[in-house]
Amino acid sequence: CQTGEVAADPQLYDQSYLSPVTIGNSELMLDFDTGSADLWCFSTESPAVQSAGHGLYNPSTGTELDGAFWDITYGDQSAASGNVFADKVVVGGVTATKQAIEAATSVSYEFTEDVASDGLLGLAFSSINTILPQPQTTFFDTVRNTLAKAVFTVDLKKGAAGSYTFGYIDSSKYSGAITYVPVNTANGFWQFTADGYSGGGNNASTGRGGVAIADTGTSLLYLPASVAKGYYSGVQGASFDFRQGGYTLPCSATPPDFNVAIGGKTFTVPGSYINYAPLRAGSSTCFGGIQADSGIGFSIFGDVFLKAVYAIFDDSGSSPKLGFAAQ
Ligand SMILES: C[C@H]1CC[C@H](NC(=O)Cn2ccnc2)CC1
């Protein structure tokens with residue numbers, strides 16, 4: 001029965017978190033993403049102009065999955081595509097002897113520019129894996145029957161290294177009880193319903209919750225437009241800046257805490273997490289950690305929320321469930 005733990009290292013402004021993964025005989029830094037289901041990495045097959053500065057997977061240690069290819073586009077319109085190999089993957093001591101590795105032969109500039117990241121490790125449901133003609137399993141699905149318990153946990157932190165565990169829940173990582181809520185897997189995400197919100201300006205009443213996904217691959221917290229508007233109405237100097245594409249606020253502001261009711265329990269995001277980052281280095285205007293989820297179709301509980309809680313992604317029972325506890 002396998003269990004393991006791996007660090008989640010924050011990048012600048014906690015824009016993403018990277019974890020070391022051994023693939024074949026290379027160690028790469030991957031962005032664990034509960035919002036997608038592809039494990040892809042830069043490779044010796046990637047064009048040098050796209051892969052400069054990145055760690056590369058060398059497929060010579062793997063077995064090519066003949067005729068298989070993949071092509072993914074994320075919510076932020078970043079994209080990658082390539083072909084597929086089976087190889088050994090080790091994450092924090094947990095080993096998948098034959099994991100589908102999606103070697104990139106083309107990536108968009110967002111990935112080329114993010115030189116610290118060598119790729120993504122998807123932890124959503126395998127139903128949304130993009131490999132054709134036959135989708136393959138995520139790392140978690142590949143190893144889940146070998147795990148002591150079919151769970152993984154997420155402990156992200158503001159400006160400090162957190163961790164992912166596989167196969168067990170670490171009681172030292174949270175306080176109080178874990179609140180579990182059911183997951184709807186119809187869209188392939190860890191999708192749940194939030195009961196309501198409060199905090200900030202004219203407190204968005206806690207009666208108006210909604211459908212949301214838990215997404216480690218998204219930096220910010222995307223909420224119903226009325227909730228985001230209500231929150232910032234209480235923040236001096238905050239406004240919706242259509243040129244920046246969202247709410248901005250003075251970097252000198254300490255916004256109010258924000259509360260989320262889930263499963264009848266309230267979880268608090270400290271206001272400081274919502275003064276997210278300067279628009280550009282040295283700017284005194286910052287981008288808000290809460291933004292409107294307009295056009296997405298559901299709310300996204302990204303890192304701004306997840307770094308305030310201990311999250312349990314549990315697929316050990318008859319149907320998947322999400323657990324949240326105070327950190
Ligand atoms: C409007 C929102 C913008 C941000 C979107 N998140 C992502 O694209 C997450 N992701 C994964 C890989 N690269 C980025 C979600 C929609």
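Above this note sits the structure.
The rules behind each value
The residue numbering used here restarts from 1 in each chain and proceeds along that chain's sequence as written. Residues qualify for local features only when their pLDDT is at least 70, as the model is predicted, and side-chain atom pairs are given and counted only at 80 or more; totals for whole chains, interfaces and linings, by contrast, use all residues. With hydrogens and water excluded, all non-hydrogen atoms of the structure serve as input to the side-chain values. When two rings of Phe, Tyr or Trp (its six-membered ring) have centres within 6.5 Å they constitute a pair, described as stacked for plane angles under 30 degrees, edge-to-face for angles over 60, and tilted for the intermediate range. Helix and strand definitions follow DSSP, with helices as H or I runs of at least four residues and strands as E runs of at least two, each counted in order from the N terminus. Note on classification: 1.4 Å probe, protein chains only; a residue is buried when its accessible area is under 20% of the maximum for its type, exposed when over 50%, partly exposed between these limits. In this scheme, Lys NZ or Arg CZ marks a charge over a ring once it lies within 6 Å of the ring centre and within 35 degrees of the ring normal. Any residue with a heavy atom lying within 4 Å of a molecule or strand is counted as near it. Whenever two N or O atoms come within 3.5 Å, that pair is a polar contact, provided that in protein one can donate a hydrogen and the other can accept it, and provided that, for residues adjacent in sequence, both atoms are side-chain atoms. The Shrake-Rupley method, run with a 1.4 Å probe, gives the accessible areas here. Residue values count only the displayed protein chains as cover. Residue polarity is assigned by list, with Asp, Glu, Lys and Arg as charged and Ala, Val, Leu, Ile, Met, Phe, Trp, Tyr, Cys and Pro as nonpolar; anything else, Gly included, falls into the polar class. The set of buried Ala, Val, Leu, Ile, Met, Phe, Trp, Tyr and Cys residues whose side-chain atoms join them within 4.5 Å is what this entry labels a nonpolar core. A pair of strands is labelled paired if DSSP reports no fewer than 2 bridges between them. For every element, the axis is a line fit to its C-alpha atoms; helices are fit only across the contacting stretch, and the angle between N-to-C directions ranges from 0 to 180 degrees. Put simply, a salt bridge is a Lys or Arg side-chain nitrogen that is within 4 Å of an Asp or Glu carboxyl oxygen. His is not counted, nor are the chain ends, whereas Lys and Arg count as positive and Asp and Glu as negative.

Draft legend 1. Structural detail: the packing of aromatic side chains. Tallied over the entire structure, the rule returns 27 aromatic pairs. Measuring from ring centre to ring centre gives 5.1 Å for Trp190 and Phe313, while their planes differ by 80°; the resulting arrangement is edge-to-face. Of this pair, Trp190 sits in the loop between β11 (175-182) and β12 (191-194) while Phe313 sits in strand β24 (residues 309-314); the two residues are 123 residues apart in sequence, bridging distant segments of the chain. Using a relative accessible area of 1% as the deciding quantity, one classes Trp190 as buried. Accessibility expressed as a relative area gives 0% for Phe313, which makes it buried. Ring geometry for Tyr231 versus Tyr232: centroids 5.1 Å apart, planes at 85°, classification edge-to-face. The pair Tyr231 / Tyr232 is uniform in exposure class, with both members buried. Taken together, Phe192, Tyr197, Tyr231, Tyr232, Phe240, Tyr247, Phe258, Phe267, Phe301, Phe305 and Phe324 form an aromatic cluster joined through their ring pairs. Sitting above the plane of the Tyr273 ring, Lys307 keeps its charged end 5.8 Å from the centroid.

Draft legend 2. Spotlight on the site of the ligand. Near the ligand, the surroundings consist of Asp33, Tyr74, Gly75, Asp76, Ser78, Leu120, Gly217, Thr218, Tyr222, Ile296 and Ile300. Between Gly75 and the ligand, the recorded distance is 3.2 Å, taken from a backbone N or O atom to an oxygen atom. Considering the ligand on its own, with 410 Å² of exposed area, one finds that the protein chains cover 78% of that surface. Along the lines of polarity and charge, the residues of the shell around the ligand split into 5 nonpolar, 4 polar and 2 charged.

Draft legend 3. Quick peek at the nonpolar core. In terms of nonpolar packing, the biggest core is built from 72 residues, with Phe166, Phe258, Phe301, Phe305 and Phe324 touching the most fellow members. Core analysis: the second largest hydrophobic core is formed by 14 residues, Phe42, Val84, Ala100 and Val107 among them.

Draft legend 4. Representation of the sheet that holds strand β17 (residues 246-250) in the model. Taken in spatial order, the 4 strands make up an open sheet running β16-β17-β21-β20, and their pairing is antiparallel. Edge positions in the sheet fall to β16 (239-241) and β20 (275-278), since each of these pairs with one other strand and no more. Averaged over all pairs of adjacent strands, the angle between their axes in this sheet comes to 50°, without regard to strand direction. Alignment of β20 against strand β21 (residues 285-288), held across 3 bridges, turns out to be antiparallel. Paired with Ala277 across the two strands is Phe287, which belongs to β21.

Draft legend 5. Just the pattern of salt bridges, in detail. Enumeration over the complete set of coordinates arrives at 5 salt bridges. We note a salt bridge from Lys173 to Glu5, for which the minimum N-O separation is 2.6 Å. Linking Lys173 in the loop between β10 (160-166) and β11 with Glu5 in strand β1 (residues 4-10), this pair joins segments that are 168 residues apart in sequence. Relative accessible area serves as the criterion here: at 14%, Lys173 is assigned to the buried category. Given a relative accessible area of 37%, Glu5 falls into the partly exposed group. The salt bridge involving Arg144 is made with Asp315; its shortest N-O contact spans 2.8 Å. Separated by 171 residues along the polypeptide, Arg144 in the loop between α3 (139-143) and β9 (151-157) and Asp315 in the loop between β24 and β25 (321-326) bring together distant segments of the chain. On the accessibility criterion, Asp315 (10% relative accessible area) is buried. Among the charged side chains, a network of salt bridges with common partners joins Glu5, Asp170 and Lys173.

Draft legend 6. The side chain of Ser36, seen in detail. If you trace the backbone, Ser36 turns up in the loop between β3 (26-33) and β4 (39-41). Given the relative accessible area of 3%, Ser36 is considered buried. A distance of 2.6 Å separates a polar atom in the side chain of Ser36 from a polar atom in the side chain of Asp33.

Draft legend 7. Highlighting the pairing of strand β7 (residues 94-107). Sheet topology note: the β4/β7 ladder contains 2 bridges and is parallel. Bridge assignment links Trp40 to a residue of β7, and that residue is Glu102. Sheet analysis places strand β6 (residues 79-91) next to β7, joined by 11 bridges and oriented antiparallel. Looking at the pairing, Val89 lines up with Ala96 of β7. Connecting β6 to the next strand, β7, in antiparallel fashion are 2 residues, including Gly92 with a positive phi near 55°.

Draft legend 8. Representation of the sheet that holds strand β23 (residues 299-301) in the model. Strand order in this open sheet of 5 strands is β12-β14-β23-β15-β22, and the pairing throughout is mixed. The sheet is open, and its two edges are formed by β12 and β22 (290-292), each paired on a single side. Here the average twist between neighbouring strands, direction ignored, is 35°.

Draft legend 9. The side chain of Asp33, seen in detail. Among the secondary structure elements, Asp33 is positioned in strand β3. Although Asp33 lies buried, it forms no salt bridge, and the closest oppositely charged side chain, Lys307, sits 15 Å away as judged by the N-O distance. At 2.8 Å, the side chain of Asp33 forms a polar contact with the backbone nitrogen of Gly35.

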